[in-house]
Amino acid sequence: MTIADAPHTTSLDGKIVYPHVRRTDFTYEQHGVTVADPYRWLEDPHGEETEAFVEAQNKLSAEYMDKFEGKKKYNERLTELFNFERFSSPYKRGDYYYYSRNSGLQAQSVLYQQDTLESEPRVFLDPNTLEADGTAALSSNAFSKSGLLFGYAISKSGSDWNTIYVMDNKGNKLDDVVEWAKFTSIDFTHDDKGFYYSSYEKPDVDTDKAGTETDVNINKRLFYHTIGTPQSEDTLVYLDIENPLHSPNAEISDDGKYILMTISRNCENANMLYIGNLEETGSIVPRDYHLTNDGTVFYFITNKDAPREKVIKYDLAKPEE
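Residues numbered from 1 in each chain as written. Predicted model: local features only at pLDDT ≥ 70, side-chain atom pairs only at ≥ 80, totals over all residues. Heavy atoms only, no water.

> If you had to explain the packing of aromatic side chains to someone new, which residues and values would you point to?
Taken as a whole, this structure holds 19 aromatic pairs when the rule is applied. On the numbers, 6.0 Å between centres and 25° between planes, the contact of Y91 with Y98 is stacked. Accessibility expressed as a relative area gives 25% for Y91, which makes it partly exposed. The buried category is assigned to Y98, whose relative accessible area is 0%. For the ring pair Y98 and F124, a centre distance of 5.3 Å and an interplane angle of 70° mean the geometry is edge-to-face. Remark: F124 occurs in strand 7 (residues 122-125) and Y98 occurs in strand 5 (residues 96-102); sequence separation between them is 26 residues. An aromatic cluster is built from Y91, Y98, F124, F143, F150, Y152 and Y165, whose rings are joined through pairwise contacts. (Phe/Tyr/Trp six-rings, centres within 6.5 Å; stacked < 30°, edge-to-face > 60°. Buried < 20%, exposed > 50% of the residue type's maximum accessible area, 1.4 Å probe, protein only. Helix = DSSP H or I, 4+ residues; strand = E, 2+ residues; numbered from the N terminus.)

Here it is in structure tokens:
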């Protein structure tokens, strides 16, 4: 008999009979201390025994909750509270206006497009149509400066792994597909020729189980994808093998002339910043957060020697100052 086949009803004395979980003698050394970890086998989400135990736990919970007289009333009240129409603020990209809307109980909000603020809206992207159960969600997304291109990342079933797609402003999907992106932004160069994104090495897991792996993500990479080319030809912009926990992300300056690469680590409230001149290849200057720039003069918010933060400016043309 497997765990899932075991009885999960109450015993004769009225006590709940919980699924049995196997204990082991597994230990490991941590800083010279022996640590017991008898349930380490449960860390394998795809193990047959793990799946049987989870199924048994769910079965027990369902049996208990189905006997709860207030369950129906509770669900009806929650549904009532969540069932209200909500919108984002409208914004303009290129020739069109955009906003997101949820009619109330939609699993994902829908992105709409309008010719003017007064014209009839039309659906631009509806994530609810991507998966029958509504578990496909719109993650990172961005328009190019011209508004002609829209890059969007889709995650499924709550996974942090994303697949990036590209559409034009008419809603036509391009052939570009970038797989296994993670914790990424999407930032187009102003010439509409491509965009920057971040990813890790593809995990050793089937695509339909992406996000269930338990390995630590290391060696995050920054890539540049050229529109109209396969992902295999993407340009590697940044990878620091000596610092595997460093996390790069890219942003294009408002004038389109510079790339600002932020390097962070874990959740620390600190980062490194590199500024690259896109018009002069090889000009990478180490310099925390970019506000804007006026030519070579950049403005940043920083907490360096400023517990309440401050605004500073830096002129690339006058590095000595």
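> Residue-level account of the environment of S146, with values.
Relative to the elements of secondary structure, S146 occurs in the loop between strand 8 (136-143) and strand 9 (149-156). What makes S146 partly exposed here is its relative accessible area of 30%. Expressed as a C-alpha distance, the spacing of S146 and R93, which sit 53 residues apart in the sequence, is 7.0 Å. Here the side chain of S146 touches L148 through a polar contact of 3.2 Å, landing on its backbone nitrogen. (Polar contact = N/O pair within 3.5 Å; in protein donor to acceptor, adjacent residues only side chain to side chain.)

> Give a detailed account of the pattern of salt bridges, specifying residues and quantitative values.
Following the criterion strictly, the structure yields 10 salt bridges and no others. With its nearest N and O atoms 2.6 Å apart, the salt bridge here joins D115 to R122. For D115, a relative accessible area of 38% puts it in the partly exposed group. K156 is paired through a salt bridge with E131; the nearest N and O atoms lie 2.9 Å apart. Note that K156 is positioned in strand 9 and E131 in the loop between strand 7 and strand 8, a separation of 25 residues in sequence. (Salt bridge = Lys/Arg side-chain N within 4 Å of Asp/Glu carboxyl O.)

> Hey, could you go over the side chain of Q114 for me, with residue numbers and the actual values?
Its location among the elements puts Q114 in strand 6 (residues 110-114). The exposure class assigned to Q114 is buried, which follows from its relative accessible area of 10%. From its side chain, Q114 meets the backbone oxygen of L117 in a polar contact 3.4 Å long. A distance of 2.9 Å separates a polar side-chain atom of Q114 from the backbone oxygen of S119. Filtering out sequence-adjacent residues up to four positions away, Q114 remains in contact with Y96, Y97, Y99, S119, E120 and P121. (Contact = heavy atoms within 4.5 Å.)

> Describe the layout of surface pockets, with residues and values.
For the second largest pocket, the calculated volume is near 320 Å³. Along the walls of the second largest pocket sit 16 residues, with R93, A142, F143, S144 and K145 positioned nearest its centre. Those elements giving two or more residues to the lining of the second largest pocket turn out to be strand 4 (91-93), strand 8, strand 12 (187-188) and strand 16 (246-252). For the lining of the second largest pocket, the leading source of residues is strand 8, giving three residues. Residue composition of the lining of the second largest pocket, grouped by class: six nonpolar, five polar and five charged. (1 Å grid on protein atoms, 1.4 Å probe; cavity = no way out; pocket = protein on both sides within 12 Å on 5 of 7 lines; lining within 4 Å. Points joined across faces, edges and corners; volume = space filled by probe spheres on them. Nonpolar A, V, L, I, M, F, W, Y, C, P; charged D, E, K, R; others polar.)

> An account of unusual backbone geometry is needed here, citing residue identities and associated values.
Located in the positive-phi region is F183, a residue other than glycine, with phi close to 50°. Take F183: it is sitting in the loop between strand 11 (173-182) and strand 12. Residue F183 is classed as partly exposed on the basis of its relative accessible area of 42%. We note that N219 has phi near 55°; this positive angle belongs to a residue other than glycine. Examined against the element boundaries, N219 turns out to sit in the loop between strand 13 (194-199) and strand 14 (221-226).

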